[in-house]
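This is what each chain is made of:
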Amino acid sequence: MARELVNELTWSVSRDRLFRQCRRAYYYNYYGSWGGWDAAAADERTRRIYILKNIQSLNMWAGGIVHDTIAEALRRFAAKTEPVTVEALRQAARSKLRRGWLEAVNREWLVSPKKTNLFELYYGNGATVPEELTEDVKTRVYGCLEALATSPLLAEIIAAGYMNWKPVDTLDAFVLDDGLKVWCAIDFAFFDEAGMLRILDWKTGSEQPEELKVQLACYAMFAMRKWKAPLQRLRLAGVFLGDTARVSEYPLSTELLADTENIIGESIGKMRLPLSEPEKNMAREEDFPTCDVPRICGRCNFREVCPAITGSKPKTEAAPASAHEE
Ligand code: SF4
């Protein structure tokens, strides 16, 4: 018999980011959409919020295609020694771009909300976006893949042999000493020639050092707990694919791990405060203020249901300025 899903209070870098940006968007994403995957059982508004939650901007879509293409190519190399070439990556990405675009314009997400639903189409005319935007997506996707395929890093990964690769790129979690579950999805990890376990995060955007430091520290905690990897054997890096696959290393230390645990502890404490029943992780929409920051609202998935945009209900008190930091 299928186990009923429980909406637990858990932590992730992206959850923390959304909580700091806008409390109301955070509510919609983690509470208002809960159960919306079940079209038959969910009420109309929950289903709608769930569909909105799954919208992606063109930038996110491009990043997802790059990640998926790399993950699949590395899996194919591990399974069949199929070479990871610029042309093979490009072809795979081209078919994902085509399929995703069709899913979006045909509104397949109405029935299957995980299918591609693009912000610029959803909140645009539903059929087209300016050609320069789609061209930019293609250029960025192909550029990132070419940068990786021709990089010394990929040569090093291939030379290490797939027996030295860790099976990753799926969402997984570890549990802190206080019982809090922390989600993370390591993009790639392998043992290099020197016996170091290298944990890599593919990035298609610009470097955000503070956030990346916390994200990589979470990966290190995961590796230490799940893979029993010793701290002194770990090396962490972001790989900036849009910047010639530049490898940006982040030194790991016990201090960084302790600081990260403190950041997570403080963040989760703030997330518990607005809950109506913290022990059951129950929340009410009205306890999560709208942020009313045009820069953030302008690109928010939940514009269609949010009273800050629709004006359907009185706005709640704006969150403090610090809540809008990215
Ligand atoms: S539209 Fe603005 S206020 Fe409303 S949920 Fe989105 S970011 Fe928050």
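For the structure, check the block above.
Now for a quick tour of the structure. Quick caveat: nothing in here was measured; it's all calculated off a predicted structure.

## Regarding the overall build of the protein
Phase 1 of the analysis: Along its length, the protein carries 12 helices and 6 strands.
Phase 2 of the analysis: Expected size for 326 residues packed as a compact globule is a radius of gyration near 20 Å; at 21 Å, the protein falls within 12% of this value.
Phase 3 of the analysis: Projecting the C-alpha coordinates of the protein onto the three principal axes gives extents of approximately 60 × 50 × 45 Å.
Phase 4 of the analysis: Expressed as a percentage of its 326 residues, the buried residues of the protein come to 47%.
Phase 5 of the analysis: Here the protein has roughly 16900 Å² of accessible surface; of this, 53% comes from carbon and sulfur atoms.
Phase 6 of the analysis: In the protein, 43 positive and 46 negative side-chain charges are present, and the distance between their average locations comes to 3 Å.

## Comments concerning empty space enclosed by the protein
Phase 1 of the analysis: Within this structure, the stated rule accounts for 1 cavity of 30 Å³ or more.
Phase 2 of the analysis: The calculated volume of the largest cavity comes to roughly 50 Å³.
Phase 3 of the analysis: As for the largest cavity, its lining consists of A73, R76, E82, P83, V84, T85, A88 and L89.
Phase 4 of the analysis: Elements that contribute at least two residues to the lining of the largest cavity include exactly α4 (58-80) and α5 (86-105).
Phase 5 of the analysis: Across the lining of the largest cavity, the residue classes break down as 5 nonpolar, 1 polar and 2 charged.

## A look at the environment of I199
Phase 1 of the analysis: Looking at the secondary structure, you find I199 in strand β4 (residues 197-203).
Phase 2 of the analysis: Overall, I199 belongs to the buried group, its relative accessible area being 0%.
Phase 3 of the analysis: C-alpha of I199 to C-alpha of L102: the two residues are 97 residues apart in sequence and 35 Å apart in space.

## Remarks on the pairing of strand β3 (residues 188-191)
Phase 1 of the analysis: Across 4 bridges, the pairing between β3 and β4 is antiparallel. Paired with A189 across the strands is I199, a residue of β4.

## Focus: a nonpolar patch on the surface
Phase 1 of the analysis: On the surface, a nonpolar cluster with roughly 310 Å² of combined accessible area is contributed by L5, W34 and W37.
Phase 2 of the analysis: Topologically, W37 is positioned in the loop between α2 (23-32) and α3 (44-53).

## Re the packing of helix α1 (residues 13-21) against helix α10 (residues 254-272)
Phase 1 of the analysis: Where α1 contacts α10, the two axes come as close as 11 Å, and the packing angle between them is 55°. In this view, α1 runs oblique relative to α10, as classed from their interaxial angle. Crossing hand, α1 versus α10: left-handed. Along its contact with α1, which presents R15, D16 and F19, the element α10 presents S267, K270 and M271.

Rules behind the numbers
Residues numbered from 1 in each chain as written. Predicted model: local features only at pLDDT ≥ 70, side-chain atom pairs only at ≥ 80, totals over all residues. Heavy atoms only, no water. Helix = DSSP H or I, 4+ residues; strand = E, 2+ residues; numbered from the N terminus. Rg over C-alpha atoms; globule rule 2.2 N^0.38 Å. Buried < 20%, exposed > 50% of the residue type's maximum accessible area, 1.4 Å probe, protein only. Areas by Shrake-Rupley, 256 points an atom, 1.4 Å probe, with all protein chains shown as cover. Lys, Arg positive; Asp, Glu negative; His and termini not counted. Charge placed at Lys NZ, Arg CZ, Asp CG, Glu CD. 1 Å grid on protein atoms, 1.4 Å probe; cavity = no way out; pocket = protein on both sides within 12 Å on 5 of 7 lines; lining within 4 Å. Points joined across faces, edges and corners; volume = space filled by probe spheres on them. Nonpolar A, V, L, I, M, F, W, Y, C, P; charged D, E, K, R; others polar. Pairing = 2+ DSSP bridges. Patch = residues over 30% accessible without salt bridge, like charges linked within 9 Å, V, L, I, M, F, W, Y side chains within 5 Å. Salt bridge = Lys/Arg side-chain N within 4 Å of Asp/Glu carboxyl O. Axes fitted to C-alpha atoms, helices over the stretch in contact; angles between N-to-C directions. Parallel < 35°, antiparallel > 145°, perpendicular 65-115°, else oblique. Left-handed = near helix turned anticlockwise from the far one by under 90°. Contact = heavy atoms within 4.5 Å.

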